[in-house]
Structure formats: C-alpha cells, structure tokens
Amino acid sequence: MDDLDKDYDNVPATQGRGEQEDAESDDEQQDWRMLTAMGSNRRSLPKRGEKEYEPTGSSSDRNNLDESRQAMYIALNGERRHTSKVHISGIWYPHLRKAKVLVARGPHFKSIGKADSNGIIWLLPEEVIYLMERGSMSLYNAHGDTNISLQGCYAACLGACHGHERYLVYAHLKRLGFIVQRAASFDGYVEEETVPKPTSNQAQKLWKFLVQKFASFCIGLRCVFAKKIPSFGPIVCGGLWRSYDSIYNALQIIPFYSHRGPIVTPKSTTAPFRVAYNIWKPRPSFKKSNPGEPDFRVVVVNAQKDKMPTLAQADALFSTLPTAHGSTSTSQQRLRDGYKNVIIGVVDCGIISFVKFGDVSFGDERIFEKKAANSTTTKYRPTKKQ
C-alpha cells in the first residue's frame, strides 16, 4: 500500500458510518463501467447501481475511477437515436428570428409553437434550442440545404433569446414540466392586455381618494394634538377605552400603503426587471389559443451583472402586473402571496435560484378585529360555588 492507505488506516473511527454515508452519497462518483458491458445495442438506460463508499485513495481506486470515467466518455460519445414518428424538421430564418416547422410530430406542440393564418407552425429561438438539445429536431438553414449543428443553433438563436440566462430559465422550467410562454413584455414593452388603462371615471376616483386621504390625515393630526401626547411615554393616553379595537385604531397615526388605491398608468420598467415568461402548471386542458391567467410570472436577471431591484424598480415592475383579486381567500394567504407577486429567476454562472416578491398591504388585513370577534364569541362555562 502507498502512503494514502497508511493515512486511511490511522483515521479515528469516531464518526458514525451512517452519517458519513448520508453526507457523501450525493458527492461520490457513479460507477459507469456497467455501460461498456452492455454494448452499443442497448435500447434503454440502465438502472443506477450501488455506489462504493469510503474510498481509500489507493492506486486501485484511481484505476477504477479512470475506467469509470472512460466508460462515461464512451457512453456520451454514442449516437443519440429516436424514432422517426416524433422527429421534427425545421428551417431557421435569421431575419425573422423564428424557425418554420416542416414536419410537426410528437406531443411538444401542445404547449410550444404558434401557427399563422396559413397553418404553418413557427418556433421561437428558445423553443428551437430546447428541441435541439433533446435531439428531437433537425434544423436547416434558410435555403434548406445545410443541416445546422447544435453549436450552430446556439450561435444563431441565443442572441434572439435576449441572453443565455433567459434560455437557461426557460429550459429549466420546461424540464420540470411547466408550460412556459413568452410574456408581452419579453422585448421591453408593457403587457397591455392584462393592465387596464385609466379612464375619466378612474380620474374622478383618484381625486376623491386623495381628498379623503387628506381629510383623514387632518383629522388624525387634530386628534393627536388634542390629546397632547408627550414626547415620551405611551402613545395612547387619556380617554376611556372599552375595547382593543379602539386602541388599535388610535395607533394608526401614519397613513399606510393600501393596494385598494386607484389604478395608475403602468410605469416604464428598466431592463432586466421586466416579466420574461408566463408560467402555467401542467394540465391536460391547456390551450395555446386561450391559456388563461398564468400561475406565475418570471423575471430573469444575471447575478454577475444585476443587483437586487430598488424600490422604484420594484414599484414600476408591480405597476405592470394585474391585481390577483380572489386568487387568495384567507388573510394568511394574502399576507404571504400579496395582491401582486412576481418570481425573479437569478442565474449565477449557470446556477438558477428563484426569489418571490409580493406586493402586500399589511394595513388592509385587520387581523386584530378578527381575533377580537373570535374572542367575543367564546363561551365560558360558569363555575359552581361550593
């Protein structure tokens, strides 16, 4: 044995073997040598075998690792094949930034692609790359005489996806089974079909809302100065308080943010804080012509270039989103999800993380009144005197 074997023998056995196996099971190398024994005529993927725990670092372990790595390279170099019944052919048009489908087969077109008035199906750049990566599509140039490789597809289509990060998020969500489509603000403009435009009646409502807020603010100031609140000590003082509701109402000195304000014109958002994709949960009744309200909206940012959105950027982003009335029933869900919410997909050197931002108005959820109402309905059983 070499020195590594001696060092391994001197390791104290104080740690539990079960804990080490659980901690190292995800980081160990899979033994790929079983692929070479199966030959090139295999038709299905092999089942994963048991991993070898507690490597000693000896020369035999290194040989086994080299053989396993070589078997993995051989398996990856093998030609990927699929049946012709689901094979797709398309032509890429650079000036349109789309691919025309020549032969449409398979279940993919239930959620991807868009047909024009002539019945021709067109694919977006991210959809083309996704199908090429799966090996389900053959792509040709505009003349139809040259087959485009996967590397050429990356070079031609990634620029039309507005960055590598957007495609990574798109492919990740598609592999998870979600239905992903471009949002109207993908190229930079506002989602006009989901955000209502202000009318003359809304302008009157805005003026009425401002007058009411100003009047309530003046009444609050008068009450504050009438009670002569000292610079220190309790905020609520003087008077006769018969319930907690009146005390909580007296504590509302500063006006709070409310989502029930008037509908304002969508503000101009700055890149990259624009909704890139609309996401739907997988369901068999999905229709591309009438997808309905999306379950999620995703914004894609690059962690190496972009920072967290500022308050002004978040406010502009939320102004382009519709209010989800009735989507959450309980106050706990409204406080958790908000009346507007968006998911920001952060891509950090290929690692994708999702952060959810919600527009929550805590002042509208008067939880103390609900608790007080529940407490008044509680019945107490009188105690018997001895």
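Residues numbered from 1 in each chain as written. Predicted model: local features only at pLDDT ≥ 70, side-chain atom pairs only at ≥ 80, totals over all residues. Heavy atoms only, no water.

Draft legend 1. Local environment of the overall build of the chain. Looking only at helices and strands, one finds 12 helices and 11 strands in the chain. Taking all 386 residues of the chain together, 27% fall into the buried category. For the chain, restricting intrachain contacts to residue pairs at least 6 apart in sequence, the fraction spanning at least 24 positions comes to 62%. Split by element, the accessible area of the chain, about 26,500 Å² in all, is 55% carbon and sulfur. (Helix = DSSP H or I, 4+ residues; strand = E, 2+ residues; numbered from the N terminus. Buried < 20%, exposed > 50% of the residue type's maximum accessible area, 1.4 Å probe, protein only. Contact = heavy atoms within 4.5 Å. Areas by Shrake-Rupley, 256 points an atom, 1.4 Å probe, with all protein chains shown as cover.)

Draft legend 2. Fine view of the packing of helix α5 (residues 125-134) against helix α7 (residues 164-175). Relative orientation of the contacting elements α5 and α7 amounts to 55°, with a least axis distance of 10 Å. The orientation of α5 relative to α7 falls into the category oblique. Between α5 and α7 the crossing geometry is right-handed. Where α5 approaches α7, its residues Glu-126, Glu-127, Ile-129, Tyr-130 and Glu-133 are matched on the opposing element by Tyr-167, Tyr-170, Ala-171, Lys-174 and Arg-175. Partitioning the contact of α5 with α7 into residue classes produces 5 nonpolar, no polar and 5 charged. (Axes fitted to C-alpha atoms, helices over the stretch in contact; angles between N-to-C directions. Parallel < 35°, antiparallel > 145°, perpendicular 65-115°, else oblique. Left-handed = near helix turned anticlockwise from the far one by under 90°. Nonpolar A, V, L, I, M, F, W, Y, C, P; charged D, E, K, R; others polar.)

Draft legend 3. Broad picture of the pairing of strand β5 (residues 137-140). Bridge analysis of strand β1 (residues 88-93) against β5 gives 4 bridges, and the strand direction is parallel. Of the residues in β5, the one forming a bridge with Ser-89 is Ser-138. As paired strands, β5 and strand β6 (residues 147-148) are joined by 2 bridges and run antiparallel to one another. If you follow Leu-139 over to β6, its bridge partner there is Ile-148. The antiparallel hairpin formed by β5 and β6 contains 6 residues in its connecting segment, where Gly-144 sits at a positive phi of about 80°. (Pairing = 2+ DSSP bridges.)

Draft legend 4. Here's a closer look at the sheet that holds strand β10 (residues 340-348). Here 5 strands make up an open sheet; going across it, the order is β7-β8-β9-β10-β11 and the pairing mixed. Strand pairing shows two members of the sheet lacking a second neighbour, β7 (179-182) and β11 (351-359), which therefore form its edges. The mean angle between the axes of side-by-side strands here comes to 30°, regardless of whether they run parallel or antiparallel. Pairing between β7 and strand β8 (residues 277-280): 4 bridges, direction antiparallel. Of the residues in β8, the one forming a bridge with Gln-181 is Asn-278.

Read these as spatial facts, not as claims about activity.
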